[in-house]
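Below, each chain spelled out in residue letters.
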Amino acid sequence: MELYLKSLKAFEKDARGYSTIFIIAQSCLGSVAAMYILINGVQAWQMVQLFLVTIACMGFNAAVLSQQKPKIVINLFILSLVVSTVALILNLL
């Protein structure tokens, strides 16, 4: 929890700079996850995974572009990273 609070405080100080880095990182991870999902096929389960990854990434991007509160932005960033990472792990195994 301490790491989260330190990260939130740092993000609040320079939200514009961190948002740029976060968008790049989240977009790269999300696109890799989407690629591996599609490599495994196009059945319903893969499409559900692709939908979740896409929605998580788009939600974060929308929060940054609409200049939401820093806590909302960082929470959506963490959520998009978790969703993309879980999808990636599921499709690598």
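Described in the following lines is the structure provided in the data block. Predicted model only: the values in this text are computed from it and were never measured.

1. Some remarks on the side chain of Q46
Assignment of secondary structure puts Q46 in helix 3 (residues 44-65). Residues within four places of Q46 in sequence aside, it is in contact with I37, N40 and G41.

2. Focus on the packing of helix 1 (residues 2-13) against helix 4 (residues 70-92)
It is the contact of helix 1 with helix 4, at a shortest axis distance of 10 Å, that shows an interaxial angle of 125°. In terms of orientation, helix 1 and helix 4 fall into the oblique class. Crossing handedness for the pair helix 1 and helix 4: right-handed. Taken together, the residues of helix 4 that come into contact with helix 1 (itself represented by Y4, S7, L8, F11 and E12) are P70, K71, V73, I74, N75 and I78. Grouping the constituent residues of the contact of helix 1 with helix 4 by class yields seven nonpolar, two polar and two charged.

3. Describing the layout of surface pockets
For the largest pocket, the calculated volume is near 150 Å³. In this structure, the largest pocket is lined by F11, A15, R16, S19, A63, V64, Q67, Q68, P70 and V73. For the lining of the largest pocket, the elements supplying multiple residues, two or more each, are helix 2 (15-39), helix 3 and helix 4. Ranked by residues supplied to the lining of the largest pocket, first place goes to helix 2 with three residues. Broken down by class, the residue content of the lining of the largest pocket amounts to six nonpolar, three polar and one charged.

So, how was this worked out
Residues numbered from 1 in each chain as written. Predicted model: local features only at pLDDT ≥ 70, side-chain atom pairs only at ≥ 80, totals over all residues. Heavy atoms only, no water. Helix = DSSP H or I, 4+ residues; strand = E, 2+ residues; numbered from the N terminus. Contact = heavy atoms within 4.5 Å. Axes fitted to C-alpha atoms, helices over the stretch in contact; angles between N-to-C directions. Parallel < 35°, antiparallel > 145°, perpendicular 65-115°, else oblique. Left-handed = near helix turned anticlockwise from the far one by under 90°. Nonpolar A, V, L, I, M, F, W, Y, C, P; charged D, E, K, R; others polar. 1 Å grid on protein atoms, 1.4 Å probe; cavity = no way out; pocket = protein on both sides within 12 Å on 5 of 7 lines; lining within 4 Å. Points joined across faces, edges and corners; volume = space filled by probe spheres on them.

Nothing here speaks to function; it is all geometry.
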